[in-house]
Amino acid sequence: MDHKFVRAVFPGSFDPITNGHLDVVKRGMRLFDELIIAVGRSPVKNQLFTPEERVEMIAELIEGLPGVVVESFDGLTVEYAAKRQATVILRGLRSLTDVQYEFQLALTNRAVAGIETIFIMSSEQYGFTSSTLIREVASLGGDLSNLIPASVQKRLAGRFSRLRAKQDDAASG
Ligand code: ADP
């Protein structure tokens, strides 16, 4: 049987990328010929890293993973997927609470663009890992070495020590 080339996009904020995201990437890369990790550029509240920084962090981590690339994109995920000729959207599931929102999103994307979404459950050990909580714990100086790669932990530490220095300056000035 002829093999059809299947390209998938894994869209998200990835602010920052966690071991949970990477787990989904490593499981997903086995199912597709090419997997594009797509960092959304749409302005989100409480953004910690710029899209460029997020792409840079991810690029370091996927080096050597065959068929996995990272890009950033503007606007609608389905339009970006069409432009890149991707036929699948990949999303990760942590828990039942994710399902409700993801279900709605997947059905909307299918209704408006006819694109299918495939879900992968991350390993149980990352079932509670979210970028939001990672940012919160990191801002308080917590150890996150089980949940994010060392390179990401380093960047977070750098970002928050600079933010703290700025706040101290502002308080004393
Ligand atoms: P978004 O803002 O689009 O939800 P995220 O970066 O938070 O972007 O998440 C991107 C995708 O990765 C989503 O499908 C999300 O459910 C999934 N995801 C996030 N963290 C995990 C995790 N720990 N395990 C499995 N999937 C995850």
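Note: the structure precedes this text.
The model shown is predicted, which means the values in this text are computed figures rather than measured ones.

Things to note about the sheet that holds strand β4 (residues 88-93)
- Strand order in the open sheet made by the 5 strands is β3-β2-β1-β4-β5, with parallel pairing throughout. The two strands at the open ends of the sheet, each matched to only one other strand, are β3 (68-73) and β5 (116-121). This sheet shows a mean twist of 30° between the axes of neighbouring strands, independent of strand direction.
- The pairing of strand β1 (residues 7-12) with strand β2 (residues 34-40) spans 6 bridges and is parallel. Note on β2: the bridge partner recorded for F10 is I37.

As for the pairing of β5
- Summarising the sheet, β4 and β5 pair through 6 bridges and their orientation is parallel. Paired with G92 across the two strands is I120, which belongs to β5.
- Remark: the β4/helix α4 (residues 96-113)/β5 crossover connection has right-handed handedness.

Description of helix α2 (residues 51-62)
- For α2, which comprises 12 residues, the first-to-last C-alpha distance of 16 Å matches the rise-based estimate of 16 Å (1.5 Å per residue) to within 8%.
- Those residues of α2 that fall on the buried side of the exposure criterion are P51, E53, R54, V55, M57, I58 and I62.
- For α2, the elements touching its buried residues are β2, β3 and α6 (150-172).
- Two residues or fewer after α2 comes G64, characterised by a positive phi angle close to 90°.

Rules of the game
- Residues numbered from 1 in each chain as written.
- Predicted model: local features only at pLDDT ≥ 70, side-chain atom pairs only at ≥ 80, totals over all residues.
- Heavy atoms only, no water.
- Pairing = 2+ DSSP bridges.
- Helix = DSSP H or I, 4+ residues; strand = E, 2+ residues; numbered from the N terminus.
- Axes fitted to C-alpha atoms, helices over the stretch in contact; angles between N-to-C directions.
- Right-handed = clockwise from strand over helix to strand, strands pointing away.
- Expected span 1.5 Å × (residues − 1).
- Buried < 20%, exposed > 50% of the residue type's maximum accessible area, 1.4 Å probe, protein only.
- Contact = heavy atoms within 4.5 Å.

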